[in-house]
Amino acid sequence: MGWMDEAMETLRPWIGRVRTVEDDIGMMAVRRVAATFDVDPDSIKRGQELPPHWFTVFFAETVRQGELGPDGHPNKGIVLPPIPMPRRMGAGRRVQIMGRLKAGEPAIKKAEVADIIPKTGRSGDIFVLTMRHTIEQGGRTIASDTFDAIYRPAVPPGQKTTATVAAQARKDQAWTETTQLTNTLNFRYGGITWNAHRIHYDGDYTRSEEGYPAIVSNGGLSMHLMVDAALKHAKGNLTGYTARLVHPLWVGDLIEVRGEAQKDGKLRLWAADKNGVLCGEMDLEFAA
């Protein structure tokens, strides 16, 4: 039995566990989200339906300061399974949307550990954690959000991470939307989602401990901006999407979302950095 098999003896009982998080979707929080994404905060009234993907920025885990680990994430075993690897980064998600959150009305998120899979890949041993979040408000399911996070070993001191390989993004897009990933946007997104992962604000830690060349822009922010871009160029109601992140974006860089024309209720888009490197891909579905 290898060390990963032994680790699974501890991790396997976590699969199927559900943690419930309450959120009042308070008006001040809603207005801060709106302001972060350059929407008039005073335009949203209590009881109003929010954009279809905004559920991803609420329901933050309010973990006590003393329960945070050295990387800024909650200590292992408090919120997420105690996977014995120090570096965690989001990889992709599969979202189904059945309704929209309403501002100022209580809601809950049921966070289930859907699976934990040990793998050995190009960059060595990894664990893939799959979480399933079910969002409910007013007695009905609003959305189901299943996402994957990859856990990797520590980077040896003085070395750079080798987790990603750059590939050029397609240039045959029908439209583009570009956003500067400024320090203030990164800070505000981290604030509204209560994300204390140090790779998103602590440059010394990011370079010395995790081997990245610069502060890493939040992957959740990238996905949010990708959906924002899609909604500007699509017709109908968003009913779901799948997303995959393939290369980091750095704070201070830009994200250029490139998309195809909508066809038969489907829209495909992808994201590139300032050098044209492919950073993410997304497929969205819309209903009339």
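Every chain's residues receive numbers from 1 upward, in the order its sequence appears when written. A pLDDT threshold of at least 70 governs which residues receive local features in this predicted model, and a stricter bar of 80 or more applies before side-chain atom pairs are shown or counted, although totals over entire chains, interfaces and linings include all residues. The basis for the side-chain values is all heavy atoms of the structure; hydrogens and waters are excluded.

Novice: Sorry, what's going on with the pairing of strand β8 (residues 254-259) here?
Specialist: Each regular strand displays side chains that alternate between the two surfaces of the sheet. Burial status follows relative accessibility: with a 1.4 Å probe on protein chains alone, a residue under 20% of its type maximum counts as buried, one over 50% as exposed, and anything between as partly exposed. In this description a helix means any DSSP run of H or I spanning at least four residues, a strand means any run of E spanning at least two, and both kinds are numbered starting from the N terminus. The element β8 is extensively covered by neighbouring structure, given that six of its six residues are classed as buried. In β8, alternate side chains face the same way, and those of L254, E256 and R258 on one face and I255, V257 and G259 on the other are all buried. Criterion used throughout: strands pair if DSSP finds at least two bridges between them. Direction of pairing for strand β6 (residues 175-180) relative to β8: antiparallel, over a ladder of six bridges. Bridge assignment links T179 to a residue of β8, and that residue is I255. As paired strands, β8 and strand β9 (residues 266-272) are joined by four bridges and run antiparallel to one another. Considered in β9, the bridge of E256 is made with A272.

Novice: Which parts of the structure should I look at to understand the sheet that holds strand β1 (residues 18-23)?
Specialist: What links the strands of a sheet is backbone hydrogen bonding, and the strands pair in either a parallel or an antiparallel sense. In spatial order, the strands read β1-β3-β4-β5-β2-β7-β10-β9-β8-β6; together these ten strands make up an open sheet with antiparallel pairing. At either end of the open sheet lies a strand with only one pairing partner, and these are β1 and β6. The mean angle between the axes of side-by-side strands here comes to 20°, regardless of whether they run parallel or antiparallel. Contacting β2 (87-97), β6, β7 (237-245), β8, β9 and β10 (278-287), helix α5 (residues 219-233) runs over the sheet at an angle of about 45° to β10. In this analysis, axes come from line fits to C-alpha atoms, helices being fitted only over the stretch in contact, and the angle between any two N-to-C directions falls in the range 0 to 180 degrees. It only takes one pair of heavy atoms within 4.5 Å for two residues to be counted as in contact.

Novice: Is there a simple way to think about the pattern of salt bridges in this case?
Specialist: Side-chain pairs of opposite charge can arise where the charged atoms are in close proximity. A side-chain nitrogen of Lys or Arg and a carboxyl oxygen of Asp or Glu constitute a salt bridge if their distance falls within 4 Å. By the definition in use, this model includes 17 salt bridges. The closest approach of N and O atoms between R87 and E210, which form a salt bridge, is 3.7 Å. On the criterion of sequence distance, the pair formed by R87 in strand β2 and E210 in the loop between α4 (203-209) and α5 is long-range, its members being 123 residues apart. You'll find R87 and E210 in the same group, each marked buried. The partner of R94 in a salt bridge is D148, and the shortest N-O contact between them spans 3.0 Å. With R94 in strand β2 and D148 in strand β5 (residues 140-152), this pair connects stretches of sequence that are 54 residues apart. It is possible to trace a salt-bridge network through shared partners that takes in R244, R268, E281 and D283.

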